[in-house]
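# Structural overview for review
What follows is the residue order along each chain.
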Amino acid sequence: MTNDLFPLDHPAFVSHQLDRAAHLRFSDEKLFALEGKSDSRAYVLHRDSLVMIQEAVGPRGLLTIPEALKFGANPGTIFLGLRDGAAVFGMGIGAPAVEKLLTRDDVAVSELRGMAMQGVVPPDQLSAIAMAKSLVSWHQRHGFCANCGTRSAMAEGGWKRLCPSCKTEHFPRTDPVAIMLVEKGDKCLLGRQKQFPPGMYSCLAGFIEAAETIEDAVRREIFEEAGIRCTDVKYYMTQPWPYPSSLMIGCSARATTDAITIDHAELEDARWFDRDEAALMLKREHPGGLAGPHPFAIAHHLLGRWLQPA
């Protein structure tokens with residue numbers, strides 16, 4: 001499998017080419033003016049899928065505002081930022097409108113993860129699409145004030161919801177997740193969940209809990225899921241993960257025990273792999289048909305970094 005789309009240390013969603021231009025969020029007048037400009041564009045999201053126009057040169061995900069509205073996108077636009085001076089927005093679209101689009105040959109409504117893995121969506125656009133997906137999903141799931149139950153309203157270009165009754169302000173949240181490559185000598189620990197593709201193994205991961213450090217979360221999750229004690233937790237890099245809105249915090253750790261005790265509520269299997277075997281898994285050349293994580297994901301890069309010569 002080629003890593004050309006996502007070379008080492010460059011997983012999906014991290015190459016950001018937008019100027020968030022946060023100062024523009026506070027002026028409805030300026031945002032309305034930007035929506036009306038001919039060079040403004042929008043990403044239209046439905047659940048985990050992106051609406052794209054099929055053109056002779058390939059699918060196009062950046063739509064003009066009139067195109068998005070013609071397809072039935074919701075009129076409430078989320079201001080993502082500026083790209084080369086032009087405004088980029090995020091828009092949601094309902095199921096009835098999507099059903100109509102699915103009958104057309106000139107439009108595709110395709111699952112984002114698969115398109116990104118296959119290179120259908122340019123890697124330099126993925127971060128902006130992830131932002132749009134996260135915010136569209138947040139607005140769809142947080143339409144009412146958590147304090148008093150009144151329907152809230154979008155504000156500040158989609159980066160806030162405001163309750164008209166109790167005046168509580170609500171902001172998008174990002175859930176931190178620790179994902180870790182645990183090593184012991186020339187072996188690394190990988191596991192698989194039931195929903196993984198057949199033969200795929202990846203790094204273990206888990207949500208960071210309230211009042212917990214990243215280091216404690218790494219140690220706790222590894223012990224809970226695989227029964228392994230570890231130390232020497234080190235930070236690698238982060239990856240925004242819009243499913244629906246998480247931040248994957250990549251770490252490495254050194255195991256101090258060997259015996260694996262699997263929590264089968266979390267994992268289907270977990271085992272130690274040596275460097276040669278892990279390298280074959282990343283290349284999709286393992287004789288047993290085993291595979292590592294896709295270059296799209298930070299787990300692939302954690303493993304790839306571990307395999308680099310010292």
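Now for a quick tour of the structure. This structure is a prediction, so every number in the text was calculated from the model and none was measured. (Residues numbered from 1 in each chain as written. Predicted model: local features only at pLDDT ≥ 70, side-chain atom pairs only at ≥ 80, totals over all residues. Heavy atoms only, no water.)

So, on to the overall build of the protein chain. Of regular secondary structure, the protein chain possesses 8 helices and 16 strands. The C-alpha atoms of the protein chain give 22 Å as radius of gyration, which agrees with the globular expectation for 310 residues (19 Å, within 12%). If you line up the protein chain on its principal axes, its C-alpha atoms span 60 × 50 × 35 Å. A buried classification covers 50% of the 310 residues belonging to the protein chain. Pairs at least 24 residues apart make up 64% of the contacts formed inside the protein chain by residues separated by at least 6 positions. Surface exposure of the protein chain reaches about 15,000 Å², of which carbon and sulfur atoms provide 52%. Computed over 33 positive and 38 negative side-chain charges, the inter-centroid distance for the protein chain is 4 Å. (Helix = DSSP H or I, 4+ residues; strand = E, 2+ residues; numbered from the N terminus. Rg over C-alpha atoms; globule rule 2.2 N^0.38 Å. Buried < 20%, exposed > 50% of the residue type's maximum accessible area, 1.4 Å probe, protein only. Contact = heavy atoms within 4.5 Å. Areas by Shrake-Rupley, 256 points an atom, 1.4 Å probe, with all protein chains shown as cover. Lys, Arg positive; Asp, Glu negative; His and termini not counted. Charge placed at Lys NZ, Arg CZ, Asp CG, Glu CD.)

A few words on the pairing of strand β12 (residues 187-192). Burial analysis of β12 places 5 of its 6 residues in the buried class, which makes it a mostly covered element. Alignment of strand β11 (residues 175-184) against β12, held across 3 bridges, turns out to be antiparallel. Note that in β12 the partner of Glu183 across the bridge is Cys188. Following β11, the chain reverses through 2 residues before pairing antiparallel with β12; Gly185 in that reversal takes a positive phi of roughly 65°. Two elements, β12 and strand β16 (residues 269-274), share 6 bridges in a ladder whose sense is antiparallel. Across the sheet, the residue bridging to Cys188 is Phe273, located in β16. (Pairing = 2+ DSSP bridges.)

This part covers the nonpolar core. Residues Phe13, Tyr43, Leu80 and Leu190 are the most contacted members of the largest nonpolar core, which totals 48 residues. For this core, the leading source of residues is helix α5 (residues 123-141), giving 8 residues. Every residue in contact with Leu80, bar those within four places of it in the chain, is listed here: Leu18, Arg20, Tyr43, Val88, Phe89, Gly90, Ala128, Met131, Ala132 and Leu135. Formed by 24 residues, the second largest nonpolar core is a distinct cluster that contains Leu24, Ile65, Met91 and Ile93. (Core = buried A, V, L, I, M, F, W, Y, C linked by side-chain atoms within 4.5 Å.)

Taken together, 3 strands build an open sheet; the order of strands is β8-β9-β10 and the sheet is antiparallel. At either margin of the open sheet sits one strand with a lone partner, and together these are β8 (153-155) and β10 (169-170). With respect to the sheet, α5 is in contact with β8, β9 (160-162) and β10, its orientation differing from that of β9 by roughly 20°. (Axes fitted to C-alpha atoms, helices over the stretch in contact; angles between N-to-C directions.)

The next point concerns unusual backbone geometry. Here the bond from Tyr243 into Pro244 is cis, since omega is 0°, no more than 30 degrees from zero. The residue Pro244 is located in the loop between β14 (230-241) and β15 (246-255) in this model. Positive phi, normally seen in glycine, also occurs at Arg284, with a value near 60°. Checked against the element boundaries, Arg284 lands in the loop between α7 (275-282) and α8 (298-307).

This next bit is on the pattern of salt bridges. For the structure on display, the rule yields 20 salt bridges. When the shortest N-O distance is used, the salt bridge between Arg220 and Glu212 registers 2.6 Å. The buried category is assigned to Arg220, whose relative accessible area is 16%. The shortest N-O distance in the salt bridge between Arg219 and Asp216 comes to 2.7 Å. Residue Arg219 and its partner Asp216 are located together in helix α6 (residues 214-226), separated by 3 residues, close to a single helical turn. Judged by relative accessible area, which is 33%, Arg219 ranks as partly exposed. What makes Asp216 partly exposed here is its relative accessible area of 37%. If you follow the salt bridges from partner to partner, you end up with Glu209, Glu212, Arg220, Glu221 and Glu224 in one network. (Salt bridge = Lys/Arg side-chain N within 4 Å of Asp/Glu carboxyl O.)

Here we come to the packing of aromatic side chains. The tally for this structure, following the rule as stated, stands at 7 aromatic pairs. Residues Phe6 and Phe296 carry aromatic rings whose centres are separated by 6.2 Å and whose planes lie at 85° to one another, so their mutual orientation is edge-to-face. Here Phe6 is found in the segment before α1 (28-35), whereas its partner Phe296 is found in the loop between α7 and α8, with 290 residues between them in sequence. For the pair Phe6 and Phe296, a shared accessibility class is recorded, and that class is buried. Look at Phe13 and Phe296: their rings are 5.4 Å apart centre to centre, the planes differ by 75°, and that puts the pair in the edge-to-face class. Here Phe13 is found in the segment before α1, whereas its partner Phe296 is found in the loop between α7 and α8, with 283 residues between them in sequence. For the pair Phe13 and Phe296, a shared accessibility class is recorded, and that class is buried. Pairwise contacts between aromatic rings join Phe6, Phe13, Trp241, Tyr243 and Phe296 into one cluster. The cationic tip of Arg275 hangs over the ring face of Trp306; the distance from NZ or CZ to the ring centre is 4.1 Å. (Phe/Tyr/Trp six-rings, centres within 6.5 Å; stacked < 30°, edge-to-face > 60°. Lys NZ or Arg CZ within 6 Å of the ring centre and 35° of its normal.)

Note that every value here comes from positions in space, so none of it alone points to a role or purpose.
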